[in-house]
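The chain contents come next:
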Protein chains: 4
Amino acid sequence: MPTILGQNQYGKAENRVVRITRDGDTHHIKDLNVSVALSGDMDDVHYSGSNANVLPTDTTKNTVYAFAKEHGIESAEQFGIHLARHFVTSQEPIKTARIRIEEYAWERIATSDGNSQFIGADEVKHSFVRKGQETRTTQITFDGEKWQVISGLKDLVVMNSTSSEFWGYVKDKYTTLKEAYDRILATEVSAKWRYNWTSDDARMPNWEKSYEQTRKHMLQAFAETYSLSLQQTLYQMGSRIINSRSEVDEIRFSLPNKHHFLVDLEPFGLKNDNEVYFAADRPYGLIEATVLRDGTEPQIPVDMTNL
Amino acid sequence: MPTILGQNQYGKAENRVVRITRDGDTHHIKDLNVSVALSGDMDDVHYSGSNANVLPTDTTKNTVYAFAKEHGIESAEQFGIHLARHFVTSQEPIKTARIRIEEYAWERIATSDGNSQFIGADEVKHSFVRKGQETRTTQITFDGEKWQVISGLKDLVVMNSTSSEFWGYVKDKYTTLKEAYDRILATEVSAKWRYNWTSDDARMPNWEKSYEQTRKHMLQAFAETYSLSLQQTLYQMGSRIINSRSEVDEIRFSLPNKHHFLVDLEPFGLKNDNEVYFAADRPYGLIEATVLRDGTEPQIPVDMTNL
Amino acid sequence: MPTILGQNQYGKAENRVVRITRDGDTHHIKDLNVSVALSGDMDDVHYSGSNANVLPTDTTKNTVYAFAKEHGIESAEQFGIHLARHFVTSQEPIKTARIRIEEYAWERIATSDGNSQFIGADEVKHSFVRKGQETRTTQITFDGEKWQVISGLKDLVVMNSTSSEFWGYVKDKYTTLKEAYDRILATEVSAKWRYNWTSDDARMPNWEKSYEQTRKHMLQAFAETYSLSLQQTLYQMGSRIINSRSEVDEIRFSLPNKHHFLVDLEPFGLKNDNEVYFAADRPYGLIEATVLRDGTEPQIPVDMTNL
Amino acid sequence: MPTILGQNQYGKAENRVVRITRDGDTHHIKDLNVSVALSGDMDDVHYSGSNANVLPTDTTKNTVYAFAKEHGIESAEQFGIHLARHFVTSQEPIKTARIRIEEYAWERIATSDGNSQFIGADEVKHSFVRKGQETRTTQITFDGEKWQVISGLKDLVVMNSTSSEFWGYVKDKYTTLKEAYDRILATEVSAKWRYNWTSDDARMPNWEKSYEQTRKHMLQAFAETYSLSLQQTLYQMGSRIINSRSEVDEIRFSLPNKHHFLVDLEPFGLKNDNEVYFAADRPYGLIEATVLRDGTEPQIPVDMTNL
């Protein structure tokens, strides 16, 4: 046979599950988008079309909804662990399960009497507004023995309106860029970080707290770094997380440089003293790198974008 | 000539302008997307291609950036008023100017010492994260005499996890829906409200405060209405705004009913006690209506969507 | 009561229906996205939440699918006419129905033996590839007596790589644009045209042929017009359609000027003789106008975009 | 130092370049979206912010436009090869360059006299309409010695309206799916194939012809396979390409199963004889696999999607 089958996987993608938990009158929401990918002894279905080893993708969808009831959704990570374990341990042909989850955050709506709009004692206990900031992500992979948990976030747009420079770079015959000593630095953070928890024998991280803290350190490092290049800022963001969170060994960033060009107002007799910017769409610089705990091996794939 | 020209307008759309204001070390951002549409004596350019009356769209773009410097951006509405007045009063052939603006909100990033993550005294004074919730909008129209200001918002996703019913409706031969006595009610609010300020002789509303209060009443009415239909909730949201904000005479909503279907878990021997939902994409109910102050005439166009 | 209800409408939006027709082994596809909006005696549901006059949006969805079987889908227009008539004539409280439809075109896949890839005698008779060019649209409105049919298209991207100039325009203090005597003219056509068929007593147009011919005239007029402004091209496109298609009385265009900027290669010692362009995203000129048969009244709403 | 830098790359992404070639009155278009990613001795810029080894992303952008003039754009692949070679050979710190390109196809607009609308002798020689079907892609990687070329396509939507079954699968306690003996099979093809050309010493493939033929075999295999599972169809598509195109050694597919559910019309007294379908959005089955020439090693990364 001149052609052979290589790596393959299948499952139901983008199962949108919303789980409401009722604590008396106070409701809680978990709002997830769950994608299942299963691998194993799947040669036959590719070569001959025999589905004898194929658990239908429809069944993997049903399992997501059933598990939201049976196990609840404590965190996206914990939910993914339940699912991955189930597929690998209950189906002989399935050797590896990968669960990817996006999570959308909600906050409470305050009642008429509250002073603060969203946070306070007088919230309507079942009314929510979607936060709409970053999307939280996780990816759980299980091969029957070892776990790999890579969590992250995307769509988090940040800006420093000063404390950024760019100069001293290579000039070749195609270089026209002028050096900048006070520029806007803005990016839309995509990040994935790998936990060093890999075994049921070890104690699991507190996934909710770890996410909150990782995100906080990321934002603070962005804000507090006086930047000579976006690469430097990226490294500061990564190393602060590795240094602050012992449960994280590796983090990869994809940071588009969202260019804000100072508009030339001189033709109109005006001086633009770092006040008026054109926010450009395309093209954009794209800076990507991994930051690792020394002594560990990188596992997060290099590609976080198709461009 | 068997064909004639009807209504026409032109201008530069989607000028992305970011304005930084520096109050010592403390910076402020306004982040806008500004679209200009001009109308007037434009027959010739359509019939013969003569551009003698045409101020280039490129010039309207330049004007947006120049005005961000000359006038600053106190609010989206005030900025649009400056622009509309300029085009109508400075260009004889231009009889009407319509400025549409989208505004994206940012919040500050807290420093390492702050307890609260985003609000507190210890913010880095030039570091921001995009809020990412609703997009604020405004549309300013000026014909040389009268102003029309229609502000609004879109992309604001809200949910009540209970206190919603739907029953007692018409049943025809195509009706299969079961009545619901406790359902999720979720929507993505698009709203446009018209101010009754129309003349330079009258005192202008406080645009920033008006937006904040209108949004607050909208959210509270959504949260506090025990709903028998999304139409009822819509009307409550609108009437609370009209009753609370004397500067607003009319509001139109486009509210997709973001269906959350209770998943049938009985095949798996599980009871779904309003806990696990499938969040559907399409199709969706779409509820649209105008709420008006009694005695006023509607002016907001009916169409807020193309579907 | 200080607030009152204004115009309102409701229904199920974006019902995705695919209809397969089998002519022996040869299959045919109609692939539609159907949105229903109903208006009438709907005060109660807004004021009190009573659904006594409300046919559920779920029922309007069911009707779309049932009618795809009962009536087939001869054309998007004819299908919308069946639906609109049904809602208005079968439900007493419903006074007006508006059906909006998007249609996606498919073409056949040729077999291995065919020389031509997609057109030929040897097609697999049930295999299709989505054409992916423009989206065809229609909007049917019926009030129990008169019909209004507004069809159109969107997402049709066209370009002339020469035969376009732009000069002789107004210069004010904010004008920096240089005149152009040979530029690229590119746009993404959105168009809506109104048929003069309004009554069941008159003979209906051949909707499929009319669409094909209208689209053809639009493209040819774009290609064959030596353009001094995009407005002039727009008018030529519109008037050629009105002059060629007696069933169409009015057409409105929304034409973004998709700027292709000649790149300055002089810093690299290169001459750019209208060869290398930067295709910009935002901002863009936006040219909108209606072209009418003389003696008719415009009915197509001015707004075809939210920007 | 407890943290270290891992894999990193940078460059300008999404440079939109349109190249017009004039052959007398007959113009030709190449319309590309070019993304540059460079790697090499970049530790300093991450650790200290020193840009001494950094060719600015702005320069990489300029190079794209200059090369469109200097070398022309014979094919996306050839253009990417020129760029990758330049960055690696002209900049000592740069060890690897990866160029990713999307290409958008255009077809000519016929004149008024042509019978066929788009193909014929009487085209306007400078007027084009964007084809709008699949997006062609390529990725060129060069490390100074060896080349890797991975081309592909995405957004190509195909459907068989019959000749597809799905039965004989595993049933567990969460399985509710009914077996299907005549279903619609539809997918949106994303594919990447790797060429075995790796060295300047070997003769380069004809990139344009290879793309056209690979696409043709892919479509024909989809059309001509009687399918018992989407996996089987995928494998047939891949193996036909490997068997037909000696220049291709490996292909990876990501095929969402675009579910078309037969609508239950029995409640309305209607029989749905494979005629009326609901085209669902989410969730969807996602089938991904690599097909290889026997004896070769896979190189295409497993991840073609983030879900």
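Provided above is the structure to which this section pertains.
Numbering of residues begins from 1 in every chain and follows the order in which that chain's sequence is written. Working convention: letters from A go to chains and numbers from 1 go to ligands, in the order in which they are written. Confidence filtering applies because this is a predicted model: local features only for residues at pLDDT of at least 70, side-chain atom pairs given and counted only at 80 or more, and all residues used for totals across whole chains, interfaces and linings. Side-chain measures here rest on the full set of heavy atoms in the structure, leaving out hydrogens and waters.

Caption draft 1: Spatial organisation of the overall build of chain A. A run of DSSP states H or I qualifies as a helix once it reaches four residues; a run of E qualifies as a strand once it reaches two. Both are numbered from the N-terminal end. When its secondary structure is counted, chain A shows five helices and 13 strands. Expressed as lengths along the three principal axes of its C-alpha atoms, the size of chain A is roughly 75 × 70 × 40 Å. When accessible area is computed with a 1.4 Å probe and restricted to protein chains, residues below 20% of their type maximum are described as buried, those above 50% as exposed, and intermediate ones as partly exposed. Across the 307 residues that make up chain A, the buried fraction comes to 64%. Partitioning the intrachain contacts of chain A with sequence separation of at least 6 by distance along the chain shows that 65% fall at a separation of at least 24. Only the protein chains shown count as cover for residues, and all accessible areas are computed by the Shrake-Rupley method using a 1.4 Å probe. Working note: accessible area of chain A is about 11100 Å², and carbon and sulfur atoms make up 46% of it. Only four residue types enter the charge count, namely Lys and Arg as positive and Asp and Glu as negative; His and the chain termini do not. Where a charge lies is defined by one atom per residue type: Lys uses NZ, Arg uses CZ, Asp uses CG and Glu uses CD. Between the centroid of the 35 positive side chains of chain A and the centroid of its 44 negative side chains there is a distance of 1 Å. Any two residues whose heavy atoms approach within 4.5 Å are treated as being in contact.

Caption draft 2: Here's a closer look at the interface of chain A and chain D. Contacts between chain A and chain D engage 85 residues on the former and 85 residues on the latter. A buried area of about 7300 Å², summed over both sides, lies between chain A and chain D, and 51% of it is on carbon and sulfur atoms. In the sections that follow, a salt bridge refers to a side-chain nitrogen of Lys or Arg positioned within 4 Å of a carboxyl oxygen of Asp or Glu. The interface formed by chain A and chain D includes six salt bridges. A 3.5 Å cut-off defines polar contacts: any pair of N or O atoms within that distance qualifies, except that in protein one atom must be a possible hydrogen donor and the other a possible acceptor, and neighbouring residues in sequence count only when both atoms are side-chain atoms. Connecting chain A to chain D are 46 residue pairs in polar contact (both at pLDDT 80 or more). Take the side of chain A that touches chain D: its biggest share by element is 11 residues, from strand β1 (residues 3-13) of chain A. Any residue outside Ala, Val, Leu, Ile, Met, Phe, Trp, Tyr, Cys, Pro, Asp, Glu, Lys and Arg is labelled polar, Gly included; the first ten of those are nonpolar and the last four are charged. Tallied by class, residues from the side of chain A that touches chain D come to 34 nonpolar, 33 polar and 18 charged. Buried area is calculated as the accessible area (1.4 Å probe) missing from two parts once they are joined, with the contributions of both summed.

Caption draft 3: Layout of the pairing of strand β13 (residues 284-293) of chain A. Among the 10 residues in β13(A), nine count as buried, and that is most of the element. Two strands pair if DSSP finds at least two bridges between them. Across eight bridges, strand β10 (residues 248-257) of chain A lies against β13(A) in antiparallel orientation. Bridge assignment links Glu250(A) to a residue of β13(A), and that residue is Leu292(A). Pairing geometry for β13(A) and strand β1 (residues 3-13) of chain D, over nine bridges, is antiparallel.

Caption draft 4: Inspection of the interface of chain A and chain B at higher detail. In this assembly, 62 residues from chain A lie in contact with 62 residues from chain B. Summing the contributions of chain A and of chain B, the shared interface buries around 5300 Å²; its carbon and sulfur component is 56%. Here chain A and chain B share six salt bridges between them. Breaking the side of chain A that touches chain B down by element, the ones donating at least two residues are β2 (15-23), β3 (26-40), α2 (57-70), β5 (106-110), β6 (123-130), β8 (147-160), α4 (207-224) and β12 (276-279) of chain A. Of the residues forming the side of chain A that touches chain B, the biggest block, seven residues, is contributed by α4(A). Residues belonging to the side of chain A that touches chain B are distributed by class as follows: 30 nonpolar, 16 polar and 16 charged. Judged from the three bridges that link them, β2(A) and strand β12 (residues 276-279) of chain B form a sheet pairing that is antiparallel.

Caption draft 5: Just the packing of helix α2 (residues 57-70) of chain D against helix α3 (residues 76-90) of chain D, in detail. All names here are of chain D. Where α2 meets α3, the axes come as close as 11 Å, and the angle between the chain directions of the two elements is 130°. Relative to α3, the element α2 is oriented oblique. The crossing of α2 and α3 is right-handed. Facing Thr60, Thr63, Val64, Phe67 and Ala68 of α2, the residues of α3 in contact are Phe79, His82, Leu83, His86 and Phe87. A class-by-class count of the residues in the contact of α2 with α3 yields six nonpolar, four polar and no charged. Comment: axis = line fitted to C-alpha atoms, over the contacting stretch for helices; angle = value between 0 and 180 degrees taken between N-to-C directions. For classification, angles of less than 35 degrees are called roughly parallel, those exceeding 145 degrees roughly antiparallel, those between 65 and 115 degrees roughly perpendicular, and all remaining angles oblique. Helix crossings fall into two classes, left-handed where the near helix is turned counterclockwise from the far one by less than a right angle and right-handed where it is turned clockwise.

Caption draft 6: Spotlight on the pattern of salt bridges. All names here are of chain B. Here the structure, examined in full by the defined rule, presents 97 salt bridges over all chains. Here lysine 258 ties to glutamate 188 by a salt bridge, and the two come within 4.0 Å at their closest N and O atoms. In this pair, lysine 258 sits in the loop between β10 (248-257) and β11 (260-262) while glutamate 188 sits in strand β9 (residues 185-195), placing the two residues 70 residues apart along the sequence. Looking at lysine 258, the relative accessible area reads 28%, which means it is partly exposed. Relative accessible area serves as the criterion here: at 27%, glutamate 188 is assigned to the partly exposed category. Two residues, arginine 245 and glutamate 247, come together in a salt bridge whose shortest N-O distance is 3.0 Å. The class of arginine 245 is buried, set by a relative accessible area of 15%. Residue glutamate 247 is classed as buried on the basis of its relative accessible area, which comes to 13%.

Caption draft 7: Layout of unusual backbone geometry. Here Arg282(B) and Pro283(B) are connected by a cis peptide whose omega angle stands at -10°. As for its placement among the helices and strands, Pro283(B) is situated in the loop between β12 and β13 (284-293). The phi angle at Ser163(A) is positive, at roughly 65°, despite the residue not being glycine. Within the secondary structure, Ser163(A) is located in the loop between β8 and β9 (185-195). Although it is not a glycine, Asn274(D) sits at a positive phi angle of roughly 55°. On the secondary structure map, Asn274(D) appears in the loop between β11 (260-262) and β12 (276-279).

Caption draft 8: Up close: the relation of the copies chain A and chain D. Alignment of the copies relies on least squares applied to C-alpha atoms, considering only residues that score at least 70 for pLDDT in both. Turning chain A through 180° and shifting it by 0.0 Å along the axis lays it on chain D, with an RMSD of 0.0 Å. Here the copies are linked by what is in effect a two-fold axis. An overlap of 100% is found between the interface residues of chain A and their copies at the interface of chain D, pointing to a shared contact surface.

Caption draft 9: Main features of the relation of the copies chain A and chain B. Each copy superposes on the other: chain A lies on chain B with an RMSD of 0.0 Å after a rotation of 180° and an axial shift of 0.0 Å. Both copies contact each other with a shared surface, as 100% of the interface residues of chain A are interface residues in chain B too.

Caption draft 10: Seen up close, α3(D). All names here are of chain D. With 15 residues, α3 should cover 21 Å at 1.5 Å per step; its first-to-last C-alpha distance of 21 Å lies within 8% of that length. Where burial is concerned, most of α3 is hidden: 11 out of the 15 residues are buried. Every buried residue belonging to α3 is among Ala76, Glu77, Gln78, Phe79, Gly80, Ile81, Leu83, Ala84, His86, Phe87 and Val88, and all of these are buried. Where α3 is buried, its residues meet β3 (26-40), α2, β4 (94-103), β7 (135-142), β8 (147-160) and α4 (207-224). One less than the residue count of a helix, multiplied by 1.5 Å, gives the span that helix is expected to have.

Caption draft 11: Representation of the environment of Gln91(B) in the model. Checked against the element boundaries, Gln91(B) lands in the loop between α3 (76-90) and β4 (94-103). In this structure the C-alpha to C-alpha distance between Gln91(B) and Asn53(B), which are 38 residues apart in sequence, comes to 8.8 Å. Look past the residues within four positions of Gln91(B) in its chain and what remains in contact with it is Leu55(B), His86(B), Val170(C) and Asp172(C).

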